[in-house]
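# Results of the structural survey
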Amino acid sequence: MKNIKKINLRIIRNIIMVLFTANSFASSISVEPILFKTNIANDATPVVLDRILKLDKTKENQIKFEKGTYHFYSEKGLEKFCYISNHDDVMVRTAFPIFDFKNISIDGQGSTFIFHGKMIPFMIDDSKNVSVKNVTIDWEMSFHSESVIVAVDEKNKTFDMRISEEYPYEIRNNQLYFVKEYYEHDLGQTIMYDPNRKAIMFDTESYTNLTISKKAKVSRNVSNIDYKYEYDHRSKFFGPLGRELSIVIKELEPGLVRVFNHKKKLPPVGMVLASKGSQSVNRLAPAFRVTNTAGFNGTNINIHHAGGMGIIAENSSDLILDNFNITPSKGRMVSTTADATHFVGCSGKVVLRNSTFQNQLDDAMNVHGTYQKIVDVLDENRIGVRMGHSQQQGFVIGKENESIGLVRLSNSFFPYHKLSIKNIQYINGRYQIITFNEELPKEVQPGDLIENLDGYPDLLVENCVISNNRARGLLISNPVKTIVRNNFFSTEMEAILIPVESGHWYESGNGANITIENNVFQDCQHSGFDRGVIRFVTDDDNENIAFRNIKITNNTFNQFDNLILEIANTDGLVFSNNTITNSETFPMLYSENSVVTVKTSKNIIFKKNKYKGKAEIILKKDESISKLKFK
């Protein structure tokens, strides 16, 4: 009997050894990579696209490029209509359709990919474990245009712009149009850059946007139209209503134009005017679009330009960006024409580290969910919801069994009830019907909002440089966990904005469990806005608590102006061991401001901070926290 047991044990050990050896052997077999060589560089689109479309998506795939410069033209790209969050909804083409892949890596091995026309370089959807690394992305012709201010006539209120051959243009009906490959834009949204600093010009808000339009002289009975349903007055149709063009452009000689009828201050000679066309038609070609994907790694990526964001990720999880850089090329002032990175409804871990974000025309990072408005209570477990902003159309708020919170912001910034999704019926870009597993609560009513409570990440931003850009550094609405550490900020607006935003972009989420530590803030808010460097704010005028458990420690603020920190609707914030100095880089714009403002908040603590600035008032506060002191 003992011998039988010994034999059985030996057999089991041998079986385990065989299985272990087989698994080890299988894992040691390397996947034969696909190697693209520079012989396709004149237009790599058709060859790369054809090979990707033939891949077995259930197996691991590796794609590599021989180091070189590859051009990608839109002419033979795969075409797809895309609802892209916080972008325009477009028919666009790609050479890298990463759809339904399980494991795929793309290694540029130091190559540069130059795109032509309206393309999304990397379109990633419904995939798992996607890696893109060691590549530089740029466009031959940018989606924005730049002009140098060469003369100003204060008497006649005109200014002259020199336009280089890099930016072909036409003047039609006294309007300036910049012509690209398969694309054009008018002046539209504009901002000034200082070429000496290669950054947004100080106090640009006094000079831009250019005053392109004015109230229309003729508008008959338009207000009599009775719309049964709510409409978005910022959308492509409603936005121009009641407005007519006022600015006039005349060419003085080839490459030199004169601008009439600008109503703000005339721009200083030597500054660079960056323009990207009218809002709602100028975000159409992000460098990366990642949707419904679990596991994305972007490593050693340089994005010099995109007609939109560097990366827009929606309803995805575990996104790691390491050495993922946004910087301009070819002497341009502008890199991407919108955010460097943007995450909507994303979960798991979102990591941004060791990266540089410079000269983009919007935030370095934006993290949020999406509020959708309940417009119909259809029965005991179904509601009809509406997308609030035109650039949120088509966004599906969640997947089966994900948790949805019902929110009534007049009562609380936190959900009053939670439900789980059974299914979502997509009707059109604005309207969807959601069926829940549970019955709706009796108090639900049209006008309430919903948010996906599972669509927020564990967020880390560290060792990044964020500077010279328009707008904010970090715009974060995340109730899960956020760590921001060891970064450098020098931004046109707030370095860090933590909002609850429910009336314009409908970007959901409050702020909780936030740590901001060991960062350097240098001359932020230099565009002219009267706002703090770090700001907690809601767009609903009530005293409800929106932000909880916040630590701001061991940071350095070297600021030309006074206001450093704005706190509102907060329960639990510690501001400690921070150093505040006055840089004297620019003249003060708001010398009357305090260093800190606090309102509608409680459990706020200041301790061991060093103040070496010039403000006469350190702390402004409301009556509810009369005993609070800055220390």
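Just so it is clear, the model here is predicted, and its values are computed rather than measured.

## Details of the nonpolar core
Within the largest apolar cluster, 113 residues are counted, with the highest numbers of intra-cluster contacts made by Phe72, Phe288 and Phe606. At five residues, the largest contribution of residues to this core is made by strand E9 (residues 128-139). Phenylalanine 288 has contacts with Phe122, Ile124, Val132, Ile137, Phe296, Ile301, Ile303, Gly310, Ile311, Ile312 and Phe324, leaving out every residue within four places of it along the chain. Counting 21 residues, the second largest nonpolar core, distinct from the first, contains Phe159, Ile163, Tyr167 and Ile247.

## Some remarks on the sheet that holds strand E33 (residues 417-426)
Spatially, E30-E31-E34-E33-E32-E35 is the arrangement adopted by the six strands of the closed barrel, whose pairing is antiparallel. Geometrically, the sheet is characterised by an average inter-axis angle of 45° between neighbouring strands, direction not taken into account.

## What to know about empty space enclosed by the protein
Tallying each qualifying case throughout the model produces four cavities of 30 Å³ or more. Taken as a whole, the largest cavity spans an internal volume of roughly 60 Å³. Every residue lining the largest cavity is listed: Gln525, Phe529, Asp530, Arg531, Gln559, Phe560, Asp561, Asn562, Leu563, Leu589, Tyr590 and Asn593. Tallied by class, the residues present in the lining of the largest cavity amount to five nonpolar, four polar and three charged.

## Thoughts on the packing of aromatic side chains
The geometry of an aromatic ring pair is captured by the separation of the ring centres together with the interplanar angle, meaning the angle of the planes. Counted according to the given criterion, the structure contains 31 aromatic pairs. Pairing phenylalanine 65 with phenylalanine 96 gives two aromatic rings, centres 6.1 Å apart and planes at 55°, and the pair type is tilted. Separated by 31 residues along the polypeptide, phenylalanine 65 in strand E2 (residues 60-65) and phenylalanine 96 in strand E6 (residues 96-99) bring together distant segments of the chain. For phenylalanine 65, a relative accessible area of 0% corresponds to the buried category. Residue classification places phenylalanine 96 among the buried residues on the basis of a relative accessible area of 0%. If you follow lysine 228 out to its NZ or CZ, it ends over the ring of tyrosine 229, 5.6 Å from the centre.

## Remarks on unusual backbone geometry
Going from threonine 208 to asparagine 209, the amide bond is cis rather than trans, its omega being 0°. One non-glycine residue with positive phi stands out, namely asparagine 359, at about 65°. When you line up the elements, asparagine 359 lands in the loop between strand E28 (356-358) and strand E29 (365-370). Classification of asparagine 359 by relative accessible area gives buried; the value is 4%. The backbone phi angle of threonine 600 is positive, close to 40°, even though this residue is not glycine. Its place among the elements puts threonine 600 in the loop between strand E51 (596-599) and strand E52 (602-607). Looking at threonine 600, the relative accessible area reads 17%, which means it is buried.

## Comments concerning the side chain of serine 142
Inspection of the secondary structure puts serine 142 in the loop between E9 and strand E10 (145-153). Given the relative accessible area of 3%, serine 142 is considered buried. Within the structure, the side chain of serine 142 is placed 2.6 Å from the backbone oxygen of histidine 144, a separation counted as a polar contact. Apart from residues no more than four positions distant in its own chain, serine 142 is found in contact with Tyr167, Lys180, His305 and Arg332.

## So, the environment of isoleucine 618
If you trace the backbone, isoleucine 618 turns up in the loop between strand E53 (610-612) and strand E54 (619-621). Assessed through its relative accessible area of 24%, isoleucine 618 is described here as partly exposed. For isoleucine 618 and valine 595, which are 23 residues apart along the polypeptide, the C-alpha to C-alpha distance reads 4.8 Å. Not counting residues within four places of it along the chain, the set of residues in contact with isoleucine 618 comprises Ser594, Val595, Val596, Tyr611 and Phe630.

Definitions and cut-offs
- Residues numbered from 1 in each chain as written.
- Predicted model: local features only at pLDDT ≥ 70, side-chain atom pairs only at ≥ 80, totals over all residues.
- Heavy atoms only, no water.
- Core = buried A, V, L, I, M, F, W, Y, C linked by side-chain atoms within 4.5 Å.
- Buried < 20%, exposed > 50% of the residue type's maximum accessible area, 1.4 Å probe, protein only.
- Helix = DSSP H or I, 4+ residues; strand = E, 2+ residues; numbered from the N terminus.
- Contact = heavy atoms within 4.5 Å.
- Pairing = 2+ DSSP bridges.
- Axes fitted to C-alpha atoms, helices over the stretch in contact; angles between N-to-C directions.
- 1 Å grid on protein atoms, 1.4 Å probe; cavity = no way out; pocket = protein on both sides within 12 Å on 5 of 7 lines; lining within 4 Å.
- Points joined across faces, edges and corners; volume = space filled by probe spheres on them.
- Nonpolar A, V, L, I, M, F, W, Y, C, P; charged D, E, K, R; others polar.
- Phe/Tyr/Trp six-rings, centres within 6.5 Å; stacked < 30°, edge-to-face > 60°.
- Lys NZ or Arg CZ within 6 Å of the ring centre and 35° of its normal.
- Polar contact = N/O pair within 3.5 Å; in protein donor to acceptor, adjacent residues only side chain to side chain.

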